[in-house]
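# Architecture at a glance
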Amino acid sequence: MNLGRRILTSKSFATLALSFSLLSEAALAQEEFSVFRSDRINALITVTLFSAAVLLYTRWAKQGKPLFLRKIAGLDAVEEAVGRATEMGRPVLYIPGIDDLDQIDTIAGISILGRVAQITAQYETPLMVPVRYPLVLAAGQELVEQAYILAGKKEQYDRDTVRYVAGEQFSFTATVSGYMMRERPATNIYMGAFFAESLLLAETGNAAGSIQIAGTARPEQLPFFIAACDYTLMGEELYAASAYLSHEPIMMGGLKGQDLMKIIIIVLIIMGVVLASFGWGESGTVFKSWFQAV
């Protein structure tokens, strides 16, 4: 009997201890929880500044105020390259990368395709757009059709302008390379995500005597395009191309807002480096914690 009482007493104490432990953890969690996290105020300030900059620049763009954009030679050459194809009576080849539509590079390439299609529609120049994925096919066909409608040339739109070629990377490359050598398009435009096929495509186009304009955000493919193409858009120039070509207010506002935030962040980084290097009090630590918590 005494042994049983001792066991019950031990169990009671263990249960009581566990209850106190759970209560203390709940209380601690309650103390740590708050509606507003003061350690993330830097993120709040950053988002507020960025949103205000985008809204301000968008409003200025809608009001017709001139917003400066750095010249991008590759994009300025698009209309000239399409005009050359028109004079020679040869088609324009446009490749919006070889990745699927869930990649930002492909979205940028498809967006630029709309502007290129408007130019080819105005000049009545044949356009060829080979793709690898069904979603890119559907989006490209819709965008090109809208471009022809906006140009007032809907009757000249051919649904096979954007066509599915092959789902495998090098099958796609072989098919497109064969098209280049047979049809010899006057202008080849590569905009989007490219991988090992970048040099194969660019070298084939160069051998066919085409004007070539390329753009990608993948740094490992840039040297091949730079070596084999006449113009190359590097990194963020690909993402800025849509705003550069269309001058649409919302795109312009987003682009200029991003540029302003980059300038602010660069200035803050330089200030933090200087303060931390010279050990001026706690200022260097403040700047370091600011960027660590963003």
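Note: the structure precedes this text.
Residues numbered from 1 in each chain as written. Predicted model: local features only at pLDDT ≥ 70, side-chain atom pairs only at ≥ 80, totals over all residues. Heavy atoms only, no water.

Looking now at the sheet that holds strand 5 (residues 211–216). Within the open sheet, the six strands sit side by side as 3-2-1-4-5-6. Their pairing is parallel. A strand with exactly one partner marks an edge of an open sheet, and here the two such strands are strand 3 (162–164) and strand 6 (231–234). Ignoring strand direction, the axes of neighbouring strands in this sheet form an average angle of 15°. In terms of strand pairing, strand 1 (residues 92–95) meets strand 4 (residues 187–191) through four bridges, oriented parallel. Bridged to Leu93 within strand 4 is Asn188. (Pairing = 2+ DSSP bridges. Helix = DSSP H or I, 4+ residues; strand = E, 2+ residues; numbered from the N terminus. Axes fitted to C-alpha atoms, helices over the stretch in contact; angles between N-to-C directions.)

Moving on, we come to the pairing of strand 6. Bridge count between strand 5 and strand 6: four bridges; the pairing is parallel. By the bridge assignment for strand 6, Thr216 is matched with Met234. Each parallel crossover has a hand, and the one from strand 5 via helix 8 (residues 222–228) to strand 6 is right-handed. (Right-handed = clockwise from strand over helix to strand, strands pointing away.)

With that settled, the discussion passes to helix 10 (residues 249–278). Compared with the 44 Å implied by 1.5 Å per residue over 30 residues, the 44 Å span of helix 10 between its first and last C-alpha is a close match. Buried residues of helix 10: Met252, Gly253, Gly254, Leu255, Lys256, Gly257, Met261, Gly272 and Leu275, and no others. (Expected span 1.5 Å × (residues − 1). Buried < 20%, exposed > 50% of the residue type's maximum accessible area, 1.4 Å probe, protein only.)

Attention now moves to the layout of surface pockets. In this structure, the largest pocket encloses a volume near 510 Å³. Taken together, 23 residues form the lining of the largest pocket, with Glu236, Tyr239, Ala240, Leu255 and Asp259 sitting closest to its centre. Looking at the lining of the largest pocket, the elements with two or more residues in it are helix 4 (104–123), helix 9 (236–246) and helix 10. In terms of residue count, helix 10 provides more of the lining of the largest pocket than any other element does, eight residues in total. (1 Å grid on protein atoms, 1.4 Å probe; cavity = no way out; pocket = protein on both sides within 12 Å on 5 of 7 lines; lining within 4 Å. Points joined across faces, edges and corners; volume = space filled by probe spheres on them.)

Further remarks concern the packing of aromatic side chains. On inspection of all chains with the given rule, the structure shows five aromatic pairs. In this structure an aromatic cluster arises from ring pairing among Tyr190, Phe194 and Phe225. (Phe/Tyr/Trp six-rings, centres within 6.5 Å; stacked < 30°, edge-to-face > 60°.)

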